[in-house]
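Next come the chains, spelled out residue by residue.
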Amino acid sequence: MANTGMAYGDAQAVADALIALLEGEPSAPVVGTALAWADAVLLLLTALTAAATWRGVRRSRHWARRGAERPSVAVMRLLPLAPPILLLAAVHRIVGFLYRGRDVAWIQVSYLYPTLMTLLAVAALGCALLAVVRVVALVRERGRTGHG
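Note that this is a predicted model, so its numbers are computed, not measured. (Residues numbered from 1 in each chain as written. Predicted model: local features only at pLDDT ≥ 70, side-chain atom pairs only at ≥ 80, totals over all residues. Heavy atoms only, no water.)

A. Looking closely at the overall build of the chain. Assigned secondary structure in the chain consists of seven helices and zero strands. Ordered by position in the sequence, the α and β elements of the chain form the string α-α-α-α-α-α-α. Residues counted as buried form 26% of the 148 residues belonging to the chain. Surface summary for the chain: the accessible area is close to 10,300 Å², and the carbon and sulfur share equals 67%. (Helix = DSSP H or I, 4+ residues; strand = E, 2+ residues; numbered from the N terminus. Buried < 20%, exposed > 50% of the residue type's maximum accessible area, 1.4 Å probe, protein only. Areas by Shrake-Rupley, 256 points an atom, 1.4 Å probe, with all protein chains shown as cover.)

Here's what the structure looks like:
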């Protein structure tokens, strides 16, 4: 993938590091400060997403009590959980479009943008988990209150 220019055009830096390694010269890895900060922010967002998922799962009974009276509103309130799941499923197509129509495999996106994919995977799995837990809580609440 390094010679395709997809990874910020740093194929030359990879080649220089490999040559230095073969010649026995120590070389310090080149780390971009902006990229390190971007990774740190994405990892922080990943942790916050996991915490928000945990909070949502714990509050699912309260959410179901509010939604038991009007299930159509409850279903509408579940819709915002779908975009991260859909984005995770289609991220390779989006990246392919951004790379001028190149065919990009889903797993390649994980190699190109590991912290972004980690955030996206945690968000998608969290949304799926939260949707399942909320639907189960809603069904139980409607059964308990006699709305089912």
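B. Spotlight on the side chain of S60. Its location among the elements puts S60 in helix α3 (residues 60-67). Accessibility expressed as a relative area gives 6% for S60, which makes it buried. In contact with S60, other than residues within four places in its own chain, are V133, R134 and A137. (Contact = heavy atoms within 4.5 Å.)

C. Broad picture of helix α2 (residues 33-58). Taking 1.5 Å per residue as the helical rise, α2 with its 26 residues ought to reach 38 Å, and the 38 Å between its terminal C-alpha atoms agrees with that figure. Within the sequence span of α2, burial applies to L42, T46, T53 and G56. Contact partners of the buried residues in α2: α3 and α7 (114-145). (Expected span 1.5 Å × (residues − 1).)

D. Focus on unusual backbone geometry. We note that R100 has phi near 55°; this positive angle belongs to a residue other than glycine. Among the structural elements, R100 can be located in the loop between α5 (82-98) and α6 (106-112).

E. View of the packing of α2 against α7. Put simply, α2 and α7 touch, their axes get as near as 9 Å, and they point 5° apart. Of the possible angle classes, the one that applies to α2 and α7 is roughly parallel. Contacts between α2 and α7 involve D39, L42, L43, L45, T46, T49, A50, T53, G56 and V57 on the former and, on the latter, T115, L116, T118, L119, V122, A123, G126, L129, L130 and V133. Grouping the amino acids of the contact of α2 with α7 by side-chain chemistry returns twelve nonpolar, seven polar and one charged. (Axes fitted to C-alpha atoms, helices over the stretch in contact; angles between N-to-C directions. Parallel < 35°, antiparallel > 145°, perpendicular 65-115°, else oblique. Nonpolar A, V, L, I, M, F, W, Y, C, P; charged D, E, K, R; others polar.)

F. Region of the structure containing the confidence of the model for the chain. Residue-level pLDDT values for the chain average 85, and 84% of them are 70 or greater. When pLDDT is averaged over each element of the chain, α5 comes out on top at 94 and helix α1 (residues 11-22) at the bottom at 73. Below a pLDDT of 50 lies the segment residues 1-6, which in the model reaches eleven contacts outside its immediate sequence neighbourhood of four places, other chains included. (pLDDT = per-residue confidence, 0-100.)

G. Spatial organisation of a nonpolar patch on the surface. A cluster of nonpolar side chains, contributed by V41, L44, L45 and L48, occupies part of the molecular surface with about 360 Å² of accessible area. With respect to the helices, strands and loops of the structure, L45 is situated in helix α2. (Patch = residues over 30% accessible without salt bridge, like charges linked within 9 Å, V, L, I, M, F, W, Y side chains within 5 Å. Salt bridge = Lys/Arg side-chain N within 4 Å of Asp/Glu carboxyl O.)

H. Molecular detail of the packing of α5 against α7. Close contact between α5 and α7 brings their axes to 8 Å; oriented N to C, the two are set at 135°. With respect to their mutual orientation, α5 and α7 come out oblique. Note that α5 runs across α7; the crossing there is left-handed. Residues P84, I85, L87, L88 and V91 of α5 pack against M117, L120, A121, A123, A124, C127 and A128 of α7. Considering only residue class, the contact of α5 with α7 consists of twelve nonpolar, no polar and no charged. (Left-handed = near helix turned anticlockwise from the far one by under 90°.)

I. Structural detail: the side chain of T115. Looking at the secondary structure, you find T115 in helix α7. Given the relative accessible area of 12%, T115 is considered buried. For T115, the side chain forms a polar contact with the side chain of D39, separated by 2.8 Å. In contact with T115, not counting residues within four places along its chain, are D39, L42, L43 and T46. (Polar contact = N/O pair within 3.5 Å; in protein donor to acceptor, adjacent residues only side chain to side chain.)

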